[in-house]
Amino acid sequence: MSPNARGAMCMIGAMTAFTVNDALMKSLAGSLPLAQAVFLRGLLTTGLMLALALALRQFTLRVPRRDRFLIACRTCAEVTTAFFFLTALYNMHIANVSAIMQSLPLTVSLAGVVFLGQTIGRRRLAAILAGFIGVLLIVRPGAEGFTIYSLYVLAAVACVTVRDILSRKISQDVPSLLIALNNAIWVTVAFGVTSIWSEWAPVDFVSGLTLVGASLTVIVAYFLAVVSMRVGDIAAIAPFRYTSLLVAIVLGVVLFDERPDFLTLLGASMVVGTGLFTLWRESRLAAAGTG
């Protein structure tokens, strides 16, 4: 597989895991406060990731000074993203949150041009725009759904854009798992401190099981998100972020008996089509030896 194809597969996996994690965390909104839920999820996530890093011998404190600074900045962006995104998720319909977050392929691709000197061809740009139109057909957010928490999601978009650009600048000598572990630690610490000022709720069996599921999926999401941004071309990988909406549709049908209408199916087809087109084109370019 070409670097772009590997990055695309990692992005698909990351978006799938993030979407499942979002659904699990949102299901806790009526039973656990946000800070408590994220902190408890983080404790298990950090413990499992630390054990995995040690087992794979990817845990090290010998990180170059330049990379330490980049990782610290990336971690700040990750913590801020978690705050804005999860707060909005607890207070908004997940469709509205998803609608705004789907601007990420545009913002990340354009940031790659500005800060990394990458180029976007007309076909790639057209694929990203077509996918974004498909997203709008799926969620069709109305003006009445725009609240202060919509601005929180916009802030999360900005933070994720910064995070992903910083991921590209970290040297390949730093293990991706170590970067993901660092994120998990500091998100846990930040929400643990925040939880001191909120009233805790008892954790029943269902909530505990949900937290375990959220911990496992967020580990996969963290790791694949880092890897996807460290290989290939950002503009080629970005359209595969739309996978999250397709997964959301499937979860809605299977778990909540939500039947998508014609426009939703049309939008989903456009999203899938743009991703397949991008992957097909990158495979042809790799086969031709043009990268």
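Residues numbered from 1 in each chain as written. Predicted model: local features only at pLDDT ≥ 70, side-chain atom pairs only at ≥ 80, totals over all residues. Heavy atoms only, no water.

**Section: the overall build of the protein**
For the protein, the count of helices and strands is twelve helices and zero strands. Written out in order from the N terminus, the α and β elements of the protein read α-α-α-α-α-α-α-α-α-α-α-α. Taken across its 291 residues, the protein has 49% of its residues classed as buried. In the protein, 91% of the contacts between residues at least 6 apart in sequence involve partners at least 24 apart. (Helix = DSSP H or I, 4+ residues; strand = E, 2+ residues; numbered from the N terminus. Buried < 20%, exposed > 50% of the residue type's maximum accessible area, 1.4 Å probe, protein only. Contact = heavy atoms within 4.5 Å.)

**Considerations on the packing of helix α8 (residues 176–195) against helix α9 (residues 205–228)**
Running from amino to carboxyl end, α8 crosses α9 at an angle of 130°, the nearest separation of the two axes being 9 Å. Taken together, the axis directions place α8 and α9 in an arrangement best described as oblique. Regarding α8 and α9, the two cross each other, and that crossing is right-handed. Of the residues in α9, those in contact with Ser176, Leu177, Ile179, Ala180, Ala184 and Val187 of α8 are Tyr222, Phe223, Val226 and Val227. When the residues that make up the contact of α8 with α9 are grouped by side-chain class, the tally is nine nonpolar, one polar and no charged. (Axes fitted to C-alpha atoms, helices over the stretch in contact; angles between N-to-C directions. Parallel < 35°, antiparallel > 145°, perpendicular 65-115°, else oblique. Left-handed = near helix turned anticlockwise from the far one by under 90°. Nonpolar A, V, L, I, M, F, W, Y, C, P; charged D, E, K, R; others polar.)

**Examining the pattern of salt bridges**
Inspection of every chain in the model, using the stated rule, returns four salt bridges. The partner of Glu78 in a salt bridge is Arg163, and the shortest N-O contact between them spans 3.3 Å. Taken together, the positions of Glu78 in helix α3 (residues 65–91) and Arg163 in helix α7 (residues 148–169) put the pair 85 residues apart, joining distant regions of the chain. The residues Glu78 and Arg163 share a single accessibility class, namely buried. Taking the shortest distance from any N to any O, the salt bridge between Arg163 and Asp164 comes out at 3.1 Å. When its relative accessible area of 6% is taken as the criterion, Arg163 is described as buried. The class for Asp164 is buried, based on a relative accessible area of 0%. Bridged by salt links that share partners, the residues Arg74, Glu78, Arg163 and Asp164 form one connected network. (Salt bridge = Lys/Arg side-chain N within 4 Å of Asp/Glu carboxyl O.)

**Examining the environment of Val227**
Structurally, Val227 can be placed in helix α9. When its relative accessible area of 16% is taken as the criterion, Val227 is described as buried. In this structure, the C-alpha to C-alpha distance between Val227 and Cys10, residues 217 residues apart in sequence, is 6.8 Å. Residues contacting Val227, with those up to four places away along its chain left out, are Cys10 and Ser176.

**Quick word on the environment of Ala156**
Position of Ala156 relative to the elements: it lies in helix α7. Along the sequence, Ala156 and Val79 sit 77 residues apart, while their C-alpha atoms lie 10.0 Å from each other. In contact with Ala156, not counting residues within four places along its chain, are Thr81, Phe84, Phe85 and Met101.

**Structural notes on the packing of aromatic side chains**
Under the counting rule described, the total for this entry stands at five aromatic pairs. Aromatic pair Phe39 and Trp200: ring centres 6.0 Å apart, planes at 65°, arrangement edge-to-face. One end of the pair, Phe39, is in helix α2 (residues 34–55); the other, Trp200, is in the loop between α8 and α9, with 161 residues separating them in the sequence. Note on Tyr149 and Tyr152: the rings are 5.4 Å apart at their centroids and 65° apart in plane angle, and the pair reads as edge-to-face. Separated by three residues within a single helix, Tyr149 and Tyr152 lie in helix α7, roughly one turn from each other. Residue class for Tyr149 comes out partly exposed when judged on its relative accessible area of 26%. Residue classification places Tyr152 among the partly exposed positions, given a relative accessible area of 24%. A network of ring pairs unites the aromatic residues Phe83, Phe84, Tyr149 and Tyr152 as a single cluster. (Phe/Tyr/Trp six-rings, centres within 6.5 Å; stacked < 30°, edge-to-face > 60°.)

**As for the packing of α2 against α8**
Where α2 contacts α8, the axes come no closer than 8 Å and their chain directions differ by 150°. Between α2 and α8, the angle is such that the two are roughly antiparallel. Crossing angle aside, the handedness with which α2 passes α8 is left-handed. Residue composition of the contact of α2 with α8, by class: 16 nonpolar, eight polar and no charged.

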